[in-house]
Amino acid sequence: MAEPLPLPALHASHSGCWQRGASGDTAQIGRGQAVMAAADTPNLVLNAPLVATRLGYPDLSGLDLLELFAFVHPARFCVPTPRGLAHALELNEPASDADVPEFLQRAASHLLARCEAPEWPEREGAWSVLQSLARLRWTWAPVLAPHVAKPERAERWLFARLPEWEEAAERPQPAQVTLAEDAVETRLEALTGNQAERREGQRLYSRKSAHVFAPRPARGQPHLLLAQAGTGIGKTLGYLAPASLWSETAHGTVWVSTYTKNLQRQLREESRRAWPERRPDGSQPVVVRKGRENYLCLLNLEDALQGGFSGRPAILAQLVARWAAYSQDGDMIGGDLPGWLGTLFRQRAIRSLTDQRGECIYAGCPHFRKCFIERAARASAQADLVIANHALVMINAARGRDTAQRPTRIVFDEGHHVFDAADSTYSAALSGMEAIELRRWIIGPERGSKGRRRGLSARLADVASYDDEAGDAVEAARHAAEALPSSGWLDRLAENAPSGPIETLLGAIRATTYARDESGGQEAGYGIETEAAQLDGPLVELAQEGAAALAAIRQPLIKLGIRLEALLEEGPDWLDGQGRARIEGARHSLVWRIDTLASWQAMLERLGGPTDPQFVDWLAVARGDAREYDVGLYRHFLDPMQPFAQTVLEGAHGVMLTSATLCDRGAEGPDWDEAVARSGATHLGLAPEQIAATSPFDYASRAEILIVTDVPKGDLAALAGAYARIIETTGGGVLGLFTAIRRLRSVHGRIADRLARAGLPLYAQHVDPIDTGTLVDIFRDDPHASLLGTDALRDGVDVPGQSLRCVVMEQVPWPKPSILHRARRAAGGGSAYDDRVIRARLAQAFGRLIRTRDDHGHFVVLSPAFPSRLLTAFPPDVPVTRLTLDDALQRLGEGLLSPDATLPQPAAEQGEWPR
Ligand code: SF4
């Protein structure tokens, strides 16, 4: 065991601050002392932004163990807490807050010692990156230097080490195959294991799923199956059985689409039962595919490493380069890049290393043959199973680069989210932020900004010099794009001094929104909005001028697209294979921009005219913490399943939507009509097959719903007191769900310190400087921790076992009364529509509690007036009790539902909470 590193170490939690000197004495100190200590000398800390928040000292810097971990073990998982780091390094975890500074010194020594070990697996590239980090004055560089030996031979730099992808022949179209039911059952048995208990629900589900793979009866008429699958029936293997059998016999690709990254990870694991990691030829039968904005762009990284980034972001770029060499797939958002790395530096810096703006230059890029995005796209074209997300499937179906890659057999798991994903995919927004992105794509970045980003004329310089018409079109587009907002537009709007027709229009939109909004958001500091109706004449005129300005940009882009197409056909001498691919890439991104401009123009041209009943249009000012960050005009489909039907269903041969909460459950039982309407089937005149497999879990004995009747609505002190007492009673393990960030922050601020002193850490979205995925990792890792959050946690959390034993909802999750909601409510049956939305949310929240057969717990609603008609959202046999908070605490404390629970209780500091 290495000796603790003799450097001072500092730890701050909600319960206090502790420092250990270089020579080895730990003392509890006040916040002021801690701030002074941190300002004097660099201390060892863990998660500097979090420590800074705890100390209320935003400029805190130090020797962050997480940065050291990211250098020593790039692409390895680590929960960013003392306990999590201890597990990742296989060290004893500190027993209390007071032991953390000593642990930090031990962990630092351990990590440094690993760099000296001959078997250090991530040695390659470390020395070279460390030299760059030393030049950037990274605080760890001098500490690490004596431990990282100079290699005998010069190390290849990252871009030389990454493997190249191989070009492969296009896959022929799949064979027409009908799967026999007994073959599907045999495959299911093979996947679940012969020893697995026979689950009738799963077998039926699997057989029904096989129907979506049958030959399509008519063009535009895919097989469509709606499958409600209760938690625990084993739906993943249920559909993977026919999917793997079909891909094996038909030699085609099945797409499984999910909404959450959790399920993607789980699918990756489960798919190993049906497919090997690699085929004999080295290709991958199963590929996880994300949107291109998730992946590292190597050209952006090269630019960042060569001076595009400075200061802390430049250090981040070096750590990302370490990671890129060891990453499985280059996915920066939810892949093997630690989610906490972005918060240690800057989330924006992470995003600017991806291909956010569609500026890829394809074969013109020196890293094209090593590009992570291109690799994933090529691998998925050859895959039997592509695991993707709803938005990507919809975008690929609508405007995939290659028709052969369009999904035709699709399983939408987490199918209850397809509506929301379609809603955002098929929406349009002419906002300042969107428009300035387009300007930069055409003109290039404003003067003074660093980096390689270049405008259209620089990207297509060779084409423009060869083809006069293309050159003129580029120049005309460049000139017309001057009409779009430029840097500083928000300030100019606030000062009523807009520049150009689109900024002027946005200024009028902003003024109208402030004049008409009655949502209460103005006072509360939230975003505000108003419907796009009854607009004044001057605003309508500005909209027409704006539409003309957009048309002036769109026309030359269309001309340019035609010229690019002609060039590809003519094939001049200088146009080699790489050049072709680059022009094809440019044409593809051009089509996307032309479509965007067309949708903006259509929106503007309609302002002042009769409303189109298929759309909902509104004006909005986006604000957070009372600061404006965007202004614009927005359009959503009233029913987004209409474009979904046209772009996804119509071109597909078989589609399945499945979820535990696909169907609403009203007083009369499952509402299939609503599920059918939300599948898009009616837009193609389809009559989908339906199946419901009920959960095998014994909810009646494993869960209980407690509706607390004496926490008055609007009484924040009482709400905070209730949360604190519940968390104390359960000893943590509470997931607290809020409908308003303001209340969440207020509750957290009132109780976090007190709970921490009782050994019950409380984390919160919108408070802690930690990304949501990492917060869930922390919560999962520590059974005494509790987590507060909003919508994203309601159904993005999969925490089986002891770590989650109580879900608390602060009130009925009413839908936000937005303009869009008002329109859908009016079209969907008024209050019945609201009830369906709320029941879906309650069902999703309840679904967090019981993830496995052995889970148990309580679902608590702190709402005295919880309507009984909403109770059908929960499984029918779960007991529901209305009771006072004291009685609820007694129920929670009795642990009647958890006779097998042996969770140690931390030493709670007792005291009076507000009641
Ligand atoms: S091919 Fe495009 S996305 Fe890939 S590294 Fe090059 S510029 Fe970036």
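The text that follows walks through the structure, step by step, so that each part is easy to find. Predicted, not measured: the structure shown is a model, and the values here were computed from it. (Residues numbered from 1 in each chain as written. Predicted model: local features only at pLDDT ≥ 70, side-chain atom pairs only at ≥ 80, totals over all residues. Heavy atoms only, no water.)

## What about the overall build of the protein chain?
- Of regular secondary structure, the protein chain possesses 38 helices and 25 strands.
- For 915 residues, the compact-globule formula gives about 29 Å, and the C-alpha radius of gyration of the protein chain, at 29 Å, lands near that figure.
- Reported as C-alpha extents along the three principal axes, the dimensions of the protein chain are approximately 80 × 70 × 65 Å.
- Looking at the protein chain as a whole, 56% of its 915 residues are labelled buried. (Helix = DSSP H or I, 4+ residues; strand = E, 2+ residues; numbered from the N terminus. Rg over C-alpha atoms; globule rule 2.2 N^0.38 Å. Buried < 20%, exposed > 50% of the residue type's maximum accessible area, 1.4 Å probe, protein only.)

## Quick look at the sheet that holds strand S13 (residues 615-624)
- The antiparallel open sheet is built from four strands, whose spatial order is S11-S14-S13-S12. Single-partner strands in this sheet number two, and they are strand S11 (428-431) and strand S12 (528-531). Strand-to-strand twist across the sheet, computed as the mean angle between neighbouring axes with direction ignored, equals 20°.
- By the bridge criterion, four bridges tie S12 to S13 in an arrangement that is antiparallel. Bridge pairing in S13 places isoleucine 528 opposite valine 621.
- With respect to the sheet, helix H36 (residues 819-827) is in contact with S12, S13 and strand S14 (627-637), its orientation differing from that of S13 by roughly 150°. (Pairing = 2+ DSSP bridges. Axes fitted to C-alpha atoms, helices over the stretch in contact; angles between N-to-C directions. Contact = heavy atoms within 4.5 Å.)

## Section: the side chain of glutamine 105
- Here glutamine 105 shows up in helix H5 (residues 100-116).
- If sequence neighbours within four positions are ignored, glutamine 105 has contacts with Pro4, Leu5, Leu7, Pro8, Ala9, Arg20, Gly21, Ala22 and Leu44.

## Thoughts on the site of the ligand
- Neighbouring the ligand are Arg292, Cys297, Leu298, Leu299, Cys360, Ile361, Cys365, Phe368, Cys371 and Ile373.
- Here the shell around the ligand is composed, by residue class, of nine nonpolar, no polar and one charged. (Near = heavy atom within 4 Å. Nonpolar A, V, L, I, M, F, W, Y, C, P; charged D, E, K, R; others polar.)

## Things to note about the packing of aromatic side chains
- In total, this model carries 13 aromatic pairs according to the counting rule given.
- With centroids separated by 6.0 Å and ring planes inclined at 20°, the aromatic side chains of tryptophan 618 and tyrosine 634 adopt a geometry described as stacked. Of the two residues, tryptophan 618 is situated in strand S13 and tyrosine 634 in strand S14; the sequence distance between them amounts to 16 residues. As far as the burial class goes, tryptophan 618 and tyrosine 634 line up, both buried. (Phe/Tyr/Trp six-rings, centres within 6.5 Å; stacked < 30°, edge-to-face > 60°.)

## Examining the sheet that holds strand S22 (residues 786-789)
- The sheet built from seven strands is open, its strands ordered S21-S22-S20-S23-S24-S19-S25 with parallel pairing. Looking at strand neighbours, the two that pair on one side only are strand S21 (762-764) and strand S25 (880-883), the edges of this open sheet. Strand-to-strand twist of the sheet, defined as the mean angle between neighbouring strand axes without regard to direction, takes the value 20°.
- Bridge analysis of strand S20 (residues 734-737) against strand S23 (residues 806-809) gives four bridges, and the strand direction is parallel. Each bridged residue has a counterpart across the sheet, and for leucine 737 the counterpart in S23 is methionine 809.

## Observations regarding the pattern of salt bridges
- Taken as a whole, this structure holds 50 salt bridges when the rule is applied.
- The closest approach of N and O atoms between lysine 208 and glutamate 689, which form a salt bridge, is 3.2 Å. Here the residue lysine 208 occupies a position in helix H10 (residues 200-209), and glutamate 689 occupies one in strand S18 (residues 689-693), the gap between them amounting to 481 residues.
- Note on lysine 208: relative accessible area 24%, which makes it partly exposed.
- Accessibility expressed as a relative area gives 31% for glutamate 689, which makes it partly exposed.
- Residue arginine 563 is joined to aspartate 467 by a salt bridge in which the shortest nitrogen-to-oxygen separation is 2.6 Å. One end of the pair, arginine 563, is in helix H27 (residues 537-570); the other, aspartate 467, is in the loop between helix H22 (461-466) and helix H23 (468-480), and 96 residues separate them in sequence.
- Residue class for arginine 563 comes out buried when judged on its relative accessible area of 15%.
- Under the relative-accessibility criterion, aspartate 467 is labelled buried at 7%.
- The network of salt bridges with shared partners includes Glu181, Glu185, Glu189, Glu200, Arg203 and Arg207. (Salt bridge = Lys/Arg side-chain N within 4 Å of Asp/Glu carboxyl O.)

## Structural notes on the packing of helix H9 (residues 181-192) against H10
- With their axes 9 Å apart at the nearest point, H9 and H10 run at an angle of 130° to one another. Taken together, the axis directions place H9 and H10 in an arrangement best described as oblique. In the crossing of H9 with H10, the sense of the turn from one axis to the other is right-handed. On the side of H9, the interface is formed by Glu181, Val184, Glu185, Leu188, Glu189 and Thr192, while H10 contributes Gln202, Arg203, Ser206 and Arg207.
- Here the contact of H9 with H10 is composed, by residue class, of two nonpolar, three polar and five charged. (Parallel < 35°, antiparallel > 145°, perpendicular 65-115°, else oblique. Left-handed = near helix turned anticlockwise from the far one by under 90°.)

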